[in-house]
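This is what each chain is made of:
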Amino acid sequence: MALRRILAAVRSRTPRLTPLSTAAPKTREQPAAARGPVRGRGAAEAVRPPVPTVEFDNAQEAYRSRRSWELVRSLLVLRLCASPALLAHHEQLLHFTRRLLGQRLFDRLMKMTFYGQFVAGEDQESIQPLIRHNRAFGVGSILDYGVEEDLSQEEAERQEMESCTSAAERKDGGTSKREKQYQAHQAFGDRRDGVVSARTYFYANEAKCDRHMETFLRCIEASGGASDDGFSAIKLTALGRPQFLLQFSDVLTKWRRFFHQMAAEQGKVGLDAMDTKLEVAALQESVARMGIASRKEIEDWFRAETLGVSGTLDLLDWSGLIDSRTELSKHLVVPNMQTGQLEPLLSGFTEEEEQQMRRMLQRMDVLAKKATEAGVRLMVDAEQTYFQPAISRLTLEMQRKFNVEKPLIFNTYQCYLRDAYDNVTLDLELARREGWCFGAKLVRGAYMAQERARAAEIGYEDPINPTYEATNAMYHRCLNYVLEELKNNGKAEVMVASHNEDTVRFTLRRMEELGLHPADRQVYFGQLLGMCDQISFPLGQAGFPVYKYVPYGPVMEVLPYLSRRALENNSVMKGARRERQLLWQELKRRLYTGNLFYRPA
């Protein structure tokens, strides 16, 4: 089938899943590739300076890199972002101001205020002074070309519906065999709605995807030229037709749910994903009763050579069965819980759709190779839950291929999702078994309002944690698990992408308890340009690897990005209020001490 061939393509030249050991589920044995002394530790540890104490309350140190007029600008912008009335009409106000002032004066006004606060410059040349300045104070850069199409809602919905519907579905009058979560819905066609902190791409044609790839390539080149330890971020929805991501996500979700249905038959309910194991003998009986193959064929699928000698099968083994190299893949069916009928798991694609999928994978490969050549780590951003299973699986395949000596490809985990911990633990365990280097970026998530509204309207389980406190607990649980891995595995790395001061303090405390030194460069921190300088710069000046997400592009073309930054600052009012207090404190100190015209050294 078409999708099996695609899976074969993404898995070419990657290692097979090794057989299961008979160790207890909680054993955290490291693969051979990660054994030995942890990077930067051992004999060198004795001569290291002690880890400096990071103070987030010291306004003078936090803003040592900023001139006084920049502090005034930050205060003004953050204060405007705190005005609900202004934010409610900000698009109309921007339009009116541009008509009143004219384009040239409007551009200058924006560069003095919102654009200057959140955007580094118009092109790769103009952003270099800011990159060098931040680097001098210990803060690196993650470059992102922030230009977005200014589509109307109607045009965005039209493009989304066309690009997420297959030829077969159009032929059948829009009828889809995918679960409703993985179908396109007109009411949610504009994926920008309710999203304040993520850029959105809409598919038009393959040439547009090629242009996006070229943009990402330029960002990678600029990141490599700016430093020897840079990051660059990409989104997979920019690289191909989203129909593929929807259909592949549907396949992966159905197959994973089928595993849990089999586990429920064996009385294994409510366990963490890594602790759920199927008894192979009982599984063979269940599959035989489904009548999809002979008993001999079924016994051949679940052999000790492929599944180890433990007599059990876990979710990683199960996921590995969706592979063109297994005979089982020819018979993949799952029970439809509504009809009770067995249905094929894999769908067919037209020749054109299959070619579009191949080109998407080729673009991913081009970017990963370029990042490898430039010495830049590539972060694959997380997206909506109906795309994310496919995005994570494709990112994992890139990690298998490119994360051989060190983590070059980082997957992103959204900790506002109920299954975030299972996703982190499964991927980390897979990296251990296969011996490649785990790289992760942990975020809370950017699509909460949209995801909740979509689940409620369409009628599927809300994928988001029920409360903000539950999301915080999930973030710290996932982070703690990864940090414990880093203690024994010098080739794993994580980026703590958070504006939450409590989370940063939690990370610093656990690093100290686990003996993770900032010089090891295994734990990175990330914040957006123009936000939370009182976190970023104290970390950088204390020697911790910290990065600003640095967007750039022409003024008019980054206005959608600026709108979201304003909305996001309003949505994190507690942190913004504290930031404003520190800014006032430092401004008053400079005024009273005669340092109002302070220039950073």
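Structure shown above.
All of these numbers come straight from a predicted model, not from anything done at the bench.

Engineer: An account of the overall build of the chain is needed here, citing residue identities and associated values.
Structural biologist: Within the chain, the regular secondary structure consists of 25 helices and 12 strands. In the chain, which comprises 601 residues, the share counted as buried stands at 56%. Considering only contacts in the chain between residues 6 or more positions apart, those separated by 24 or more positions represent 80%. Summed over all atoms, the accessible surface of the chain reaches about 26000 Å², with 54% contributed by carbon and sulfur.

Engineer: So, the environment of Arg454: which residues are in play, and what are the values?
Structural biologist: Structurally, Arg454 is set in helix H20 (residues 448-458). Between the alpha carbons of Arg454 and Ala187 there is a distance of 8.6 Å; along the sequence they are 267 residues apart. Those residues in contact with Arg454, other than ones at most four positions away along the chain, are Lys180, Gln181, Gln183, His185, Phe188, Tyr386, Gly459 and Tyr460. Here the side chain of Arg454 touches Gln183 through a polar contact of 2.8 Å, landing on its backbone oxygen.

Engineer: Explain the pairing of strand E10 (residues 493-497) to me, and be specific about the residues and the numbers.
Structural biologist: Across the 5 residues that make up E10, a large majority, 4, are buried. Note that strand E9 (residues 439-443) and E10 share 4 bridges and pair parallel. From the neighbouring strand, Ala440 faces E10, where its bridge partner is Val494. Relative to strand E11 (residues 523-528), E10 runs parallel, the two being bridged by 4 bridges. Each bridged residue has a counterpart across the sheet, and for Val494 the counterpart in E11 is Val523.

Engineer: Break down a nonpolar patch on the surface for me, citing the residues and quoting the values.
Structural biologist: Nonpolar side chains collect at one region of the surface, where Phe96, Leu100, Leu101, Leu105 and Leu109 lie side by side and expose about 480 Å² of accessible area between them. Of all the secondary structure elements, the ones that give two or more residues to the nonpolar patch are helix H5 (90-101) and helix H6 (103-112). Ranked by residues supplied to the nonpolar patch, first place goes to H5 with 3 residues.

Engineer: Can you break down the side chain of Arg510 residue by residue, with the values?
Structural biologist: Along the chain, Arg510 turns up in helix H22 (residues 501-514). Apart from the residues within four sequence positions on either side, Arg510 is in contact with Asn480, Leu483 and Glu484.

Engineer: Account for unusual backbone geometry, with residues named and values stated.
Structural biologist: Residue Arg521 is not a glycine yet carries a positive backbone phi of 50 degrees. Relative to the helices and strands, Arg521 is located in the loop between H22 and E11. At Cys532, a residue that is not glycine, the phi angle is positive and equals roughly 55 degrees. Tracing the sequence through the fold places Cys532 in the loop between E11 and helix H23 (533-541). Accessibility expressed as a relative area gives 7% for Cys532, which makes it buried.

Engineer: Please provide a residue-by-residue account of the nonpolar core, values included.
Structural biologist: Counting residues in hydrophobic clusters, the biggest one holds 65 residues, and the most contacted among them are Leu313, Trp318, Leu442, Val523, Phe525 and Leu539. Ranked by residue count, the leading element in this core is helix H21 (residues 468-488), at 8 residues. If we ignore the near neighbours within four places in the chain, the residues touching Leu539 are Val54, Phe56, Val504, Leu508, Phe525, Phe544 and Val546. Formed by 34 residues, the second largest nonpolar core is a distinct cluster that contains Ile220, Leu361, Met398 and Ile409.

Engineer: Account for the environment of Arg66, with residues named and values stated.
Structural biologist: Position of Arg66 relative to the elements: it lies in the loop between helix H2 (59-62) and helix H3 (68-81). Once residues lying within four places of it in the same chain are set aside, the contact partners of Arg66 are Leu71, His133, Asn134, Asp533, Phe537, Arg590, Tyr598 and Pro600. Within the structure, Arg66 has its side chain in polar contact with the side chain of Asn134 (distance 3.5 Å).

About the criteria used
Residues numbered from 1 in each chain as written. Predicted model: local features only at pLDDT ≥ 70, side-chain atom pairs only at ≥ 80, totals over all residues. Heavy atoms only, no water. Helix = DSSP H or I, 4+ residues; strand = E, 2+ residues; numbered from the N terminus. Buried < 20%, exposed > 50% of the residue type's maximum accessible area, 1.4 Å probe, protein only. Contact = heavy atoms within 4.5 Å. Areas by Shrake-Rupley, 256 points an atom, 1.4 Å probe, with all protein chains shown as cover. Polar contact = N/O pair within 3.5 Å; in protein donor to acceptor, adjacent residues only side chain to side chain. Pairing = 2+ DSSP bridges. Patch = residues over 30% accessible without salt bridge, like charges linked within 9 Å, V, L, I, M, F, W, Y side chains within 5 Å. Salt bridge = Lys/Arg side-chain N within 4 Å of Asp/Glu carboxyl O. Core = buried A, V, L, I, M, F, W, Y, C linked by side-chain atoms within 4.5 Å.

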